[in-house]
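Okay, here's what each chain looks like letter by letter:
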Amino acid sequence: MSTPLTPQLIRNLGATGLMRRAAVDDTLIPDTSVEEAKNVHFDRIGAVTGRAGLTALGSTVLTARPATGLHNAQAGTAIVVFSNGSSSTIYSFNGSAWSVSLDGGTASVRIRFVDFGSYTIAINFMQNTYASMRFWNAGSSRHWHNTGNPINPQNMWGYSPQMGEVYKSRVYLFGDNTPGGSGAVASNSSRLFFSSVISSTGNITWAPGSDFVDINPGDGEDGSGLKRYGLELCCFKPNYIYRFRTSGIDPDPLVNVGTRSNESIIEGSRGLYFHHDSGFYRYSGGYPIKISKPIRDIVEAIPFSQFASIAAWKDTENVMWSIGNVTVTEAKESITYKNAVLRYTESSDVWTLYSYASDIRRGITYTRGDTFSRLVATDYGIVATFDSGTTDLGQSIPFRMRTKWYEWEGIITQKVINEMGAYAEKAGGMDFSYLVDEDTKWQPIGQLKKLTNFYKNKSMTFHRIRFQIAGMSKNEPPVFLGFDVLKGLNEGIVE
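Here we come to the pattern of salt bridges. In this structure the tally under the stated criterion is 23 salt bridges. The salt bridge involving R20 is made with D297; its shortest N-O contact spans 3.0 Å. Placement of the pair is R20 in the loop between β2 (8–10) and β3 (34–38) and D297 in helix α1 (residues 296–300), with a sequence separation of 277 residues. Residue D297 is classed as buried on the basis of its relative accessible area of 15%. Linking D359 and R361 is a salt bridge whose minimum nitrogen-to-oxygen distance equals 3.1 Å. Of the residues examined, D359 reaches a relative accessible area of 10% and is grouped as buried.

Rendered as structure tokens:
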């Protein structure tokens, strides 16, 4: 005997973010979580909001070429590195246009930067040569130098360290990949070099034959990351973290997770974040905590070939990682997210996913005068302001959100929905659809064109059901508020 279906009001979607079925069964996923989120966020708690766009900073720097470095020199000048295939070039931004700052670097290597004193140091600019390290005063000189005070990089000729950091009034360099004799593999890949303490005149010197610490070279792994955190200098290898404190270093790998990408390491308000082969972690002293369990299948879908290229940046609330293309399969449906960016909100432990037309290779916080923003450099020769504007460099932004499966009044019973309501601000004609039981084809309910939208004379028959909103945005981002199941029947057990 049929009975009226209990009305259902579904609000607060996304309050607990993205939670995937691969990690948590539907019966345990909170009603405030969603199972898929593409180009939406949950910063307004209880609402699903389309993300902002990308706006080009100046004109195209180098058409169709990938970025290999990005930095905010001396907290006031944006510099970017693009490779043209045969060499790399550093470009600087003067507030309105990009121009060549230094040409002739080794192609397709990761050029990294460190600010020290009043200078910016480029590390690994020319790999395996006498001029591997350069320095530049962004405020008073257009020239990059490979010798002389105050940095004295000529002391390090013959070495090619891959990354650097400032720690306790010294510059530290890690991950030397200079080949040994007759093309042998680098013998200093686990060596941490350090400069002298900065002098009263602002100078440092180097003695690479004596001023170094070997970071457990017997563990079989090369140095892959270097980041200061609190009173520690964290030396990363692919599967280990060693903590250096000037008075000593971990003699053995006490932390058995590390990273393959120095660019994936970033400090947030709650700790140091990084990517490891097994997921994303937060380190705040002690042992790192895995934070990516809710999105396990997405993390596991990141190709191994992409691990060393994962790049992170942050804003006041969120940490972002660019992870390339990922493909996940769920219920016979294969979904590819192009140029994906994972976004983690520190204050609420909420995840979501963005997708872009171009791959984001680097991201930084950018300041210049009264300008404060986040910049990203792409694989297509463009530097853009992140979360700016309503389009991605002129292209509309596709978005989609899918709910969990609902089993109202028991999965064994057959239900029918006849009337529904759905609610949105700036709806812009987003599509509202549903999927039932083991079907793979989404069925339309209607469009959302205003704040309140009413759908009647429906016959949505199901044991379990989930819902989707989707669309394209090129104006102010839409905001989905939720939906109502207003009228329906529970037909009981139907044999």
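There is more to say, and it comes next.
Another point: the nonpolar core. Residues W321, F467 and F480 are the most contacted members of the largest nonpolar core, which totals 58 residues. Listed in part, the 15 residues of the second largest apolar core include V61, Y366, L375 and V383.

Attention shifts here to the packing of aromatic side chains. Taken as a whole and assessed by the stated rule, the structure comprises 34 aromatic pairs. Note on F432 and F480: the rings are 6.2 Å apart at their centroids and 50 degrees apart in plane angle, and the pair reads as tilted. One end of the pair, F432, is in strand β34 (residues 430–436); the other, F480, is in strand β39 (residues 479–490), and 48 residues separate them in sequence. Note on F480: relative accessible area 2%, which makes it buried. Every member of this aromatic cluster is reached through a ring pair, and the members are Y406, W408, F432, Y455, F462, F467, F480 and F483. One Lys or Arg, R51, reaches over the ring of Y354 and ends 5.5 Å from the middle of that ring. A cation over an aromatic ring shows up here: R464 above the ring of W405, its NZ or CZ 4.1 Å from the ring centre.

Bringing the sheet that holds strand β28 (residues 350–355) into the picture now. An order of β25-β26-β27-β28 is seen for the four strands of this open sheet, with the pairing classed as antiparallel. The open sheet has two edge strands, β25 (311–314) and β28, and neither has a second partner. Geometrically, the sheet is characterised by an average inter-axis angle of 40 degrees between neighbouring strands, direction not taken into account. Two strands pair when backbone bridges link them, and strand β26 (residues 318–330) and strand β27 (residues 333–345) are joined in this way by 11 bridges, in the antiparallel orientation. Each bridged residue has a counterpart across the sheet, and for N318 the counterpart in β27 is T345.

The five strands are arranged β3-β32-β38-β34-β35 in an open sheet whose pairing can be described as antiparallel. The outermost strands of the open sheet, each flanked by one partner alone, are β3 and β35 (443–448). For this sheet, the mean angle separating the axes of adjacent strands, direction not counted, is 15 degrees. The pairing of β34 with strand β38 (residues 465–473) spans six bridges and is antiparallel. Its bridge partner being in β38, D431 is matched across the sheet by A470.

A few words now on the pairing of strand β12 (residues 119–123). Among the five residues in β12, four count as buried, and that is most of the element. Examined bridge by bridge, strand β11 (residues 112–116) and β12 share five bridges and lie antiparallel to one another. Among the inter-strand pairings, D115 is bridged to a residue of β12, identified as T120. Taken together, β11 and the strand that follows it, β12, pair antiparallel across an intervening segment of two residues, in which G117 is found at a positive phi of about 65 degrees.

Given a relative accessible area of 3%, R20 falls into the buried group. Polar side-chain contacts of R20 include one of 2.9 Å to the backbone oxygen of E35.

Relative to the assigned elements, R44 resides in the loop between β4 (40–41) and β5 (48–50). Each C-alpha atom, one on R44 and one on Y119, is 41 Å from the other, the two residues being 75 residues apart in sequence. If we skip the residues at most four places from it in the chain, R44 touches T49, E425, V479 and L481.

Residues I411, I412 and I493 make up a contiguous nonpolar surface patch of roughly 310 Å² in combined accessible area. Following the sequence through the fold, I493 ends up in the segment after β39. Relative accessible area serves as the criterion here: at 61%, I493 is assigned to the exposed category.

How each quantity is defined
Residues numbered from 1 in each chain as written. Predicted model: local features only at pLDDT ≥ 70, side-chain atom pairs only at ≥ 80, totals over all residues. Heavy atoms only, no water. Salt bridge = Lys/Arg side-chain N within 4 Å of Asp/Glu carboxyl O. Helix = DSSP H or I, 4+ residues; strand = E, 2+ residues; numbered from the N terminus. Buried < 20%, exposed > 50% of the residue type's maximum accessible area, 1.4 Å probe, protein only. Core = buried A, V, L, I, M, F, W, Y, C linked by side-chain atoms within 4.5 Å. Phe/Tyr/Trp six-rings, centres within 6.5 Å; stacked < 30°, edge-to-face > 60°. Lys NZ or Arg CZ within 6 Å of the ring centre and 35° of its normal. Pairing = 2+ DSSP bridges. Axes fitted to C-alpha atoms, helices over the stretch in contact; angles between N-to-C directions. Polar contact = N/O pair within 3.5 Å; in protein donor to acceptor, adjacent residues only side chain to side chain. Contact = heavy atoms within 4.5 Å. Patch = residues over 30% accessible without salt bridge, like charges linked within 9 Å, V, L, I, M, F, W, Y side chains within 5 Å. Areas by Shrake-Rupley, 256 points an atom, 1.4 Å probe, with all protein chains shown as cover.

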